[in-house]
Amino acid sequence: MTYDRLVCANCASPVSEGRCRVCRAVRQQMLEEQGQGPLAGMSPAMLIALMVVLLTALALLAHQAA
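All of the points below concern the structure found in this document. (Residues numbered from 1 in each chain as written. Predicted model: local features only at pLDDT ≥ 70, side-chain atom pairs only at ≥ 80, totals over all residues. Heavy atoms only, no water.)

1. Section: a nonpolar patch on the surface
Nonpolar side chains collect at one region of the surface, where L39, L47, L50 and L54 lie side by side and expose about 330 Å² of accessible area between them. Take L47: it is sitting in helix α2 (residues 44-65). (Patch = residues over 30% accessible without salt bridge, like charges linked within 9 Å, V, L, I, M, F, W, Y side chains within 5 Å. Areas by Shrake-Rupley, 256 points an atom, 1.4 Å probe, with all protein chains shown as cover. Salt bridge = Lys/Arg side-chain N within 4 Å of Asp/Glu carboxyl O. Helix = DSSP H or I, 4+ residues; strand = E, 2+ residues; numbered from the N terminus.)

Here's what the structure looks like:
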């Protein structure tokens with residue numbers, strides 16, 4: 001999830017604007033979590049597209065080997 005779509009329960013503004021200390025804390029926490037893995041920053045749609053490309057490549061390799 002990205003913080004640009006979150007609304008703060010404390011000040012009712014977008015978290016990405018960082019208007020209050022709660023917004024800033026959540027924004028910092030999400031930025032730290034985002035860098036935890038090579039696929040952590042990818043959206044679900046991008047992960048599905050990557051999986052489709054890899055499966056297609058695997059199918060082509062299997063077809064050529066047979």
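2. Quick notes on the pattern of salt bridges
Applying the stated criterion to the full structure yields one salt bridge. Across the pair E17 and R19 runs a salt bridge whose closest N-O atoms are separated by 2.7 Å. For E17, a relative accessible area of 41% translates into the label partly exposed. On the basis of relative accessibility, which here comes to 59%, the residue R19 falls in the exposed class. (Buried < 20%, exposed > 50% of the residue type's maximum accessible area, 1.4 Å probe, protein only.)

3. A word on unusual backbone geometry
Phi is positive for A12, which is not a glycine, with a value near 60 degrees. Mapped onto the fold, A12 is located in the segment before α1 (21-34). Look at A12 and you get exposed, because its relative accessible area is 62%.

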